[in-house]
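The residues making up each chain are set out below.
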Amino acid sequence: MVTYDGPVTIHVNREDVHLIPIRNAHTDGDTLISFPGHDVLAVGDYFRSTGYPYVDLTNGGTLPGLLAGLGDTIGRAGLTTKIIPGHGPITDRAALIAQRDMVLAVRDRVATLVSQGKSVEEVIAAKPTASFDTQVPQSAQTAERFIRWLYAEVKVAQH
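A. Up close: the pattern of salt bridges. One pass over the structure, following the stated rule, counts 6 salt bridges. Measuring nitrogen to oxygen at the nearest pair gives 3.0 Å for the salt bridge that ties E144 to R148. With E144 and R148 both in helix 5 (residues 143-158) and 4 residues apart, the pair spans about one turn of that helix. By relative accessible area, E144 is classed as partly exposed at 38%. Sharing partners across several salt bridges, the network here consists of E121, E144 and R148.

Structure, rendered in structure tokens:
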């Protein structure tokens, strides 16, 4: 077992591989793995190329952590970097940017509804993800589950 608090470099098949902790994104123990010799980033469950994002609130995941993790990964990815997500097919930097921008847009829509005193069921019924539903490849992580998570995060942040 290896535990670490900051970036760690290991050597695999004569290549330096960088392990970068991503704090409180999907959980409190996410790691970004960088294979610089191959221009590859393996991101685990804090980024999915299919379905909506999922944050495990019971295991330390947070919206700010997810946004920071996506931002850090975007900053490390180049135009040709291959991104290996926790779920879904291999993708690229543009998909990371699109997901971060989508999370911010839906968060803002949910926050507006929460500030109007809407219940979680009313927020779901308002379909704040509607403009993204056809763009997000569907998976078990549904729009409703994503909205419920954002509602919980926004509700706590507004109080």
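Moving on, there is more to tell.
B. Highlighting helix 2 (residues 93-115). In this model, helix 2 (23 residues) spans 33 Å end to end at C-alpha, consistent with the 33 Å of a helix rising 1.5 Å per residue. Among all positions of helix 2, only L96, Q99, M102, V103, V106, V110, A111, L113 and V114 are buried. Of the surrounding elements, those touching the buried residues of helix 2 are strand 4 (40-48), helix 1 (63-76), strand 5 (82-87), helix 3 (120-125), helix 4 (130-133) and helix 5.

C. Representation of the sheet that holds strand 4 in the model. The sheet built from 5 strands is open, its strands ordered 1-2-3-4-5 with mixed pairing. The strands lining the two open edges of the sheet, one partner per strand, are strand 1 (8-12) and strand 5. The mean inter-strand angle of the sheet, taken between neighbouring strand axes irrespective of direction, is 30°. On the sheet, helix 1 packs against strand 2 (15-22), strand 3 (30-35) and strand 4 and is oriented at approximately 160° with respect to strand 4.

D. Broad picture of the packing of aromatic side chains. Under the criterion given, the structure shown has 2 aromatic pairs. Ring geometry for Y52 versus F146: centroids 4.9 Å apart, planes at 15°, classification stacked. Highlighted residues: Y52 in the loop between strand 4 and helix 1 and F146 in helix 5, separated in sequence by 94 residues. On the numbers, 5.8 Å between centres and 35° between planes, the contact of F146 with W149 is tilted. Highlighted residues: F146 and W149, both in helix 5, separated by 3 residues, approximately one helical turn. Here the two residues F146 and W149 agree in accessibility, since each one is buried. Each member of the aromatic cluster is reached from another via a ring pair, and the members are Y52, F146 and W149.

Reading guide: rules and limits
Here the residue numbering is sequential within each chain, running from 1 through the sequence in written order. Per-residue local features of the predicted model are confined to residues with pLDDT of at least 70, and side-chain atom pairs are confined, for both listing and counting, to 80 or more; whole-chain, interface and lining totals are unaffected and use all residues. For the side-chain quantities, the full set of heavy atoms in the structure was used; hydrogens and water were omitted. Salt bridges are defined as contacts in which a side-chain nitrogen from Lys or Arg sits within 4 Å of a carboxyl oxygen from Asp or Glu. Secondary structure follows DSSP: runs of H or I at least 4 residues long count as helices, runs of E at least 2 residues long count as strands, and numbering of each begins at the N terminus. Using a 1.4 Å probe on the protein chains alone, a residue whose accessible area is under 20% of its type maximum counts as buried, one over 50% counts as exposed, and one in between counts as partly exposed. A helix is expected to reach a length of 1.5 Å times the quantity of its residues less one. The contact definition used throughout considers only heavy atoms, calling two residues in contact when any of these lie within 4.5 Å. DSSP calls a pair of strands paired once it identifies at least 2 bridges connecting them. To obtain an axis, a line is fitted to C-alpha atoms, over the contacting stretch when the element is a helix, and the angle between two such axes runs from 0 to 180 degrees between their N-to-C directions. In summary, the pairing rule links any two rings of Phe, Tyr or Trp, Trp by its six-membered ring, whose centres are within 6.5 Å, and it sorts them by plane angle into stacked for under 30 degrees, edge-to-face for over 60 and tilted for everything else.

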